[in-house]
Amino acid sequence: NVIDTPGHIDFTAEVQRSMRVLDGAVVVFDGVAGVEPQSETNWRYADDGNVPRICFINKLDRTGASFERSYQSILDRLTKNAVRMQLPIGEEDAHEGVLDLLSKKAIYFEGEMGKDVVYKDEIPAGMEADVEKYRGELIEKIVENDEAMMNAYLDGNEPSLDELKATLRKAVIANDIVPVLCGSALKNKGVQVVLDAVVDYLPAPTDVPPVTGTNPKTEEEEVRKASDEEPFCALAFKLQTDPFVGALTFFRVYSGTIKAGSYIYNANTGNKERLGRIVRLQADKREEVDEVYAGEI
C-alpha cells in the first residue's frame, strides 16, 4: 500500500498521521531546490517514528537541476547515512535516464511516457570515472554493516550483487543507510526503479518489530505479530467524509484478518461496531474488498 502525503506545511498533520502506520517512506526532493525547510520537519517526524526511508531526487529535467547539489544538501542538512544508488544520465534538457551503480547498468525509459524500461550494459561516455568512484563508496558503505563481508572485501573479493542487496536491505531497515535515487516523475523516468527499490529495500510488515498494545479488559500489555493467524487488531488513523459513501475510516491492520460485515470492538468507546463495507481506495477510484489481511491499509 502506498500513502501519498503532500510535503507542504499545511499538511503536517497528514504526514504525522501516516508515519504512525507506515513501515517505510520514500522522501521526494526537488532537483533544483534540494532540501527545503519543510523537508527537514518531515524528516524529523520520520526519525521520531524510526521509519526506514529511501530518497528520490525528482525534477532533474528542470532548468537549474543538479543531482550533486541536491545530494549534498541531504548530507549536510538531514543525514550522513545517505548514499548514492544511482547517477543521472544527463541533467536539465539532456536528462535521458539513470545509471544503477550496483549493477553498473544504464537504464533508459522509452516509448510513450517512458513506459518501456530498457537496461543497457554500456556506461555512457564520460561517466566511467564517476561510476567507479561512487560505486566504490556505495560498496564500502554496504560492507561496513557485515564484518565477514568487510574482511572479504578488504582482501580484494567483491561480494556478489545478491549479497550486496541483502546486506543493503538489512542496513536500510535498521536505518543505517538511506539510498538516494533520482529521475523525473513528470517524464516517468526513474519512477519504476524507485518502486523496485521499495520492494527490495524497505521493510515488509513482517520485517518490523511486532506492535504492543494494552488489553482493555485486563489493562495488561500484549504483543501482536504481523500474522493472519493472530487475533484481529487494527488502528484507525484517519476519518474522511465522502459525498458518495458517507463517513470513511482509514485503518491499518496489524494482525489477523477481517471480513466485511463482521463486528469489531472499538477500544476507545468500549462498543462493538459493524464493518458495513470495506473499500480499497486508489485516488478517486474505489474497489470493494471482502476480506483484509495483516499489514494492509
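Residues numbered from 1 in each chain as written. Predicted model: local features only at pLDDT ≥ 70, side-chain atom pairs only at ≥ 80, totals over all residues. Heavy atoms only, no water.

Colleague: Would you mind showing me how to read the nonpolar core here?
Modeller: Considering soluble globular proteins, one finds that nonpolar side chains tend to be buried as a cluster. The biggest cluster of nonpolar side chains holds 50 residues, and the ones touching the most others in it are Phe-29, Ile-57, Ile-74, Leu-102, Leu-168, Val-180 and Leu-181. A total of six residues in this core trace back to one element, the largest contributor, which is helix α4 (residues 128–143). Membership of the second largest hydrophobic core comes to seven residues, among which are Ile-258, Ile-278, Val-289 and Val-292. (Core = buried A, V, L, I, M, F, W, Y, C linked by side-chain atoms within 4.5 Å. Buried < 20%, exposed > 50% of the residue type's maximum accessible area, 1.4 Å probe, protein only. Helix = DSSP H or I, 4+ residues; strand = E, 2+ residues; numbered from the N terminus.)

Colleague: Help me out: how do you make sense of the packing of aromatic side chains in this one?
Modeller: Given two aromatic rings, their pairing is described by the distance between the two centres and the angle made by the two planes. Per the stated rule, a full pass over the model turns up two aromatic pairs. With a centroid separation of 6.2 Å and 55° between ring planes, the pair formed by Phe-237 and Phe-250 is classed as tilted. On the criterion of sequence distance, the pair formed by Phe-237 in strand β11 (residues 233–242) and Phe-250 in strand β12 (residues 246–255) is long-range, its members being 13 residues apart. Lys-120 extends its terminal NZ or CZ atom over the ring of Tyr-108, reaching a point 4.9 Å from the ring centre. The lysine or arginine in question, Lys-238, covers the ring of Phe-250, its NZ or CZ lying 5.7 Å from the ring centre. (Phe/Tyr/Trp six-rings, centres within 6.5 Å; stacked < 30°, edge-to-face > 60°. Lys NZ or Arg CZ within 6 Å of the ring centre and 35° of its normal.)

Colleague: Which parts of the structure should I look at to understand helix α1 (residues 12–21)?
Modeller: Because an α-helix completes one turn every 3.6 residues, residues spaced three or four positions apart along the sequence face the same direction. Every buried residue belonging to α1 is among Thr-12, Val-15, Ser-18, Met-19 and Val-21, and all of these are buried. Among the structural elements, α2 (37–48), β11 and β12 are those in contact with the buried residues of α1. (Contact = heavy atoms within 4.5 Å.)

Colleague: Explain the environment of Leu-248 to me, please; I cannot follow it from the model alone.
Modeller: Mapped onto the elements, Leu-248 comes out in strand β12. For Leu-248 and Leu-168, which are 80 residues apart along the polypeptide, the C-alpha to C-alpha distance reads 38 Å. With residues near it in sequence (within four places) discarded, Leu-248 still touches Lys-238, Leu-239, Gln-240, Asp-242, Val-279 and Leu-281.

Colleague: Looking at this model, I keep getting lost on the sheet that holds strand β1 (residues 25–30). Mind explaining?
Modeller: Backbone hydrogen bonds are what pair the strands of a sheet, in a parallel or an antiparallel way. The strand order β1-β2-β8-β3 describes an open sheet built from four strands, whose pairing is parallel. Only two strands of the sheet have a single partner each, and these edge strands are β1 and β3 (82–84). Within this sheet the neighbouring strands show an average axis-to-axis angle of 30°, counted without direction. By the bridge criterion, six bridges tie β1 to strand β2 (residues 53–58) in an arrangement that is parallel. (Pairing = 2+ DSSP bridges. Axes fitted to C-alpha atoms, helices over the stretch in contact; angles between N-to-C directions.)

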